[in-house]
Amino acid sequence: MAERLFRRAVGERHSARSAGSAPGSATHAQVLGALEEVGLDASDHVPAKLDDERIDWADVIVATCDDACPVVPGKRYVHWRIDDPAGQSLPEVRRIRDEIAGKVDELFVELG
């Protein structure tokens, strides 16, 4: 959700790639539904594993995990405590989506 919400907020000014320490095989249906409600189509999203190439590419790493996230010296980290939408009801995923959207807006202001 964060990648799609970030891309919408920043347009062409910044780029984003999503990755996880233990990604699932597909995007959860509730996540797709919650994003569709705000005009975002994420049906083509393929979950990706966080690897060295993705870490090297990033200027800023937004981490939503606790113990599973690697820390790489020289990288700027932003930590968001966000509930995992996996297995959540659509109303709960909507709440998570809206929380992420607010954090995305804050990050965009910080990045300029």
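Conventions used here
- Residues numbered from 1 in each chain as written.
- Predicted model: local features only at pLDDT ≥ 70, side-chain atom pairs only at ≥ 80, totals over all residues.
- Heavy atoms only, no water.
- Helix = DSSP H or I, 4+ residues; strand = E, 2+ residues; numbered from the N terminus.
- Expected span 1.5 Å × (residues − 1).
- Contact = heavy atoms within 4.5 Å.
- Polar contact = N/O pair within 3.5 Å; in protein donor to acceptor, adjacent residues only side chain to side chain.
- Axes fitted to C-alpha atoms, helices over the stretch in contact; angles between N-to-C directions.
- Parallel < 35°, antiparallel > 145°, perpendicular 65-115°, else oblique.
- Left-handed = near helix turned anticlockwise from the far one by under 90°.
- Nonpolar A, V, L, I, M, F, W, Y, C, P; charged D, E, K, R; others polar.

Peer 1: I keep staring at helix α4 (residues 90–111) and nothing clicks. Help me out?
Peer 2: An α-helical turn contains 3.6 residues, so a residue and the one three or four places further along point in the same direction. For α4, which comprises 22 residues, the first-to-last C-alpha distance of 31 Å matches the rise-based estimate of 32 Å (1.5 Å per residue) to within 8%. The inward-facing, buried residues of α4 abut α1 (2–10), α2 (29–36), β1 (60–63) and β2 (76–79). At the C-terminal side of α4, Gly-112 shows a positive phi close to 80 degrees.

Peer 1: What should I look at first to understand the side chain of Glu-3 in this one?
Peer 2: One can find Glu-3 in helix α1. A polar contact of 2.6 Å, which involves the side chain of Glu-3, links it to the side chain of Arg-7. One polar contact links the side chain of Glu-3 to the main-chain amide nitrogen of Ser-18, over a distance of 3.2 Å. With sequence-adjacent residues up to four places away left out, Glu-3 is seen in contact with Ala-16, Arg-17, Ser-18 and His-45.

Peer 1: Would you explain the packing of α2 against α4 in this entry?
Peer 2: For any two helices packed against each other, the geometry is given by the interaxial angle and the distance between the axes. With their axes 9 Å apart at the nearest point, α2 and α4 run at an angle of 60 degrees to one another. Our classification of the angle between α2 and α4 gives oblique. Read as a crossing pair, α2 and α4 show a hand that is right-handed. Seen from α2, the contacting residues are Gln-30, Val-31, Gly-33 and Ala-34; seen from α4, they are Leu-90, Val-93, Arg-94 and Arg-97. Taken together, the residues of the contact of α2 with α4 break down into four nonpolar, two polar and two charged.

Peer 1: Honestly, the environment of Val-46 in this entry has me stumped. Any pointers?
Peer 2: Checked against the element boundaries, Val-46 lands in the loop between α2 and α3 (52–57). Val-46 sits 45 residues away from Pro-91 along the chain, and the two C-alpha atoms are 23 Å apart.

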